[in-house]
Amino acid sequence: MDTAPSAHPTSTAAPATPHRRRVATAAALASAVEWYDYFVFGIAAALVLGDLYFPAGSSTAGVLAAFATFAVGFLARPIGGIVAGQLGDKRGRKPMLVLALTLMGVATTGIGLLPTYDTIGVAAPILLVLLRVVQGVAVGAQWGGAMLLATEYAPEGKRGLYGSVVQLGVPIGVVTANTVFLLAGAFTTDAGFAAWGWRVPFLIGLFVLALAWYIHAKVEETPEFRQAERELAAKEQSGKNSPLRTILRHHLGTVLLAGGSFAVNTATFYIMITGVLDYTTRELGMQRSAVLTVSLCISLTQLVLIPAAAALSDRLGRIRIYGLGAVGIALWAIPMFLLIDTGSLLWLAVSTFVAGCFLSIMYGPQAALFAELFTPEMRYTGASLGYQIAAVLGGGLAPFLMVLLLETTGTSMAVSGYIIGLSVIALLCIKVLASRARSRGV
């Protein structure tokens, strides 16, 4: 299985190296702060939101309600991807990224200030769900803009490596979110954490607005978009400029294959950082701070593994490396939960570290792979839709389904079976993508 390192090479004059680095840094920071804001909700959902916003007869019911709200953000992500994709393919990558960062900053700060159920009653969970929807729209819009800023500025033969700087936003976001929650827990009592300490990580998210201003003021539009502007203007005059219509009519299969290939990655990731946090603390009796520390350490290793896998894909091909990661996730699904079920912190670290390695092998080349599936005038729309479909099918429902599977079957092997099923779908989609790449001679 293989595909060309760059299916749509840049033909415009190469930007200066310092500007490339500034754009790559801005894209990485945008991704990091956006994912930080997104992940603090997942951690809070596993730790406190169920009791504060969804009081019920059992802790399981509260956690299910909190994870359902977590999933709502994923259902909203395709909306952000579609709207930002359409406008980003017509008006540019940068404006949509700035808008996404602004929305995320406002929504996350709003959650940090939101009164609980005890204070305003049923309005509290309703407002929480609405703010989570805004978070979902924002992150759905963000990924395509940040990813295209990085990949469309990449030097020849380094699109995978440059795309990986945006992917690093995920482990950076996880590390930062876990660190802030650990500090909030360390400097408050359990009662203080439940009362106000959990709000601090959300309020810190306000700084995302400063980054939005910086990108608006200091970063230029990508060379590939500028090159495509004349063609886009001609299509607009003739009334034919609709990237979404083009995608749905002629490239929907590619979008669905991209989404199907990546759902296992998002599902396993959110099971690891959110579902396992709830499972180990509520069911296995492990300490919250210890589990958060393990998650933090695993994410730190991904800061090395993700760019390494991406750089390797620049040499050996995207799909070859991407497929290797999917195979690894399938093979590790059962051993991972057998080790977690021991209740040992050491085996928890080993199991999630190995899983994190396979996730990184997939995630590293994914940005460049999705970008290369589409031409510049429809790339924001196509790549964003593929990614957000994977997020809905995999990530959004994964923690909720994990709790549901554990409650109904009484065994974590049901969760392993869920991961293996998504792995089979991923490998079938990857096989078709590889076949199409070979038929095009790339």
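Scroll up to find the structure.
The rules behind these values
Residues numbered from 1 in each chain as written. Predicted model: local features only at pLDDT ≥ 70, side-chain atom pairs only at ≥ 80, totals over all residues. Heavy atoms only, no water. Bend = angle between axes of the 7 residues up to and from the residue. Helix = DSSP H or I, 4+ residues; strand = E, 2+ residues; numbered from the N terminus. Buried < 20%, exposed > 50% of the residue type's maximum accessible area, 1.4 Å probe, protein only. 1 Å grid on protein atoms, 1.4 Å probe; cavity = no way out; pocket = protein on both sides within 12 Å on 5 of 7 lines; lining within 4 Å. Points joined across faces, edges and corners; volume = space filled by probe spheres on them. Nonpolar A, V, L, I, M, F, W, Y, C, P; charged D, E, K, R; others polar. Polar contact = N/O pair within 3.5 Å; in protein donor to acceptor, adjacent residues only side chain to side chain. Axes fitted to C-alpha atoms, helices over the stretch in contact; angles between N-to-C directions. Parallel < 35°, antiparallel > 145°, perpendicular 65-115°, else oblique. Left-handed = near helix turned anticlockwise from the far one by under 90°. Contact = heavy atoms within 4.5 Å. Patch = residues over 30% accessible without salt bridge, like charges linked within 9 Å, V, L, I, M, F, W, Y side chains within 5 Å. Areas by Shrake-Rupley, 256 points an atom, 1.4 Å probe, with all protein chains shown as cover. Salt bridge = Lys/Arg side-chain N within 4 Å of Asp/Glu carboxyl O.

**Student:** Explain helix H13 (residues 252-283) to me, and be specific about the residues and the numbers.
**Tutor:** Of all the bends in H13, the largest measures some 40° and sits at Gly275. Of all 32 residues in H13, 26 are buried; the element is thus mostly enclosed. Within two residues after H13, Gly285 carries a phi angle of roughly 75°, on the positive side.

**Student:** Now, about the layout of surface pockets: what can you tell me, with residues and values included?
**Tutor:** What the largest pocket holds in volume is close to 310 Å³. As for the largest pocket, its lining consists of 16 residues, of which Ala46, Leu47, Val48, Asp51 and Thr281 are closest to the centre. At the level of secondary structure, the elements contributing two or more residues to the lining of the largest pocket comprise helix H1 (17-53), helix H2 (59-91), helix H8 (190-197) and H13. A breakdown of the residues in the lining of the largest pocket according to their chemical character gives 8 nonpolar, 3 polar and 5 charged.

**Student:** Report on the side chain of Asp314, specifying residues and quantitative values.
**Tutor:** The residue Asp314 is located in helix H14 (residues 288-316) in this model. Among the polar contacts listed, one links the side chain of Asp314 to the backbone nitrogen of Leu161, at a separation of 3.1 Å. At a separation of 2.8 Å, a polar atom in the side chain of Asp314 contacts the side chain of Arg318.

**Student:** So what's going on with the packing of H13 against helix H16 (residues 345-372)? Which residues, and what values?
**Tutor:** Put simply, H13 and H16 touch, their axes get as near as 10 Å, and they point 150° apart. When the interaxial angle is binned, H13 and H16 end up roughly antiparallel. For H13 against H16, the interelement crossing comes out left-handed. In this structure, H13 uses Ala258, Ser261, Phe262, Val264, Asn265, Thr268, Phe269, Met272, Val276 and Thr280 to contact H16, whose residues at the interface are Leu348, Thr352, Ala355, Gly356, Leu359, Met362, Tyr363, Gln366 and Phe370.

**Student:** I'd like a description of a nonpolar patch on the surface, backed by residues and values.
**Tutor:** There is a patch of nonpolar side chains on the surface, built from Tyr117, Ile120, Val122, Ile126, Leu127 and Leu130 and spanning about 510 Å² of accessible area. Only helix H4 (117-120) and helix H5 (123-151) provide two or more residues apiece to the nonpolar patch. Among the elements that make up the nonpolar patch, the one with the highest residue count is H5 (3 residues). Along the chain, the position of Leu127 falls in helix H5.

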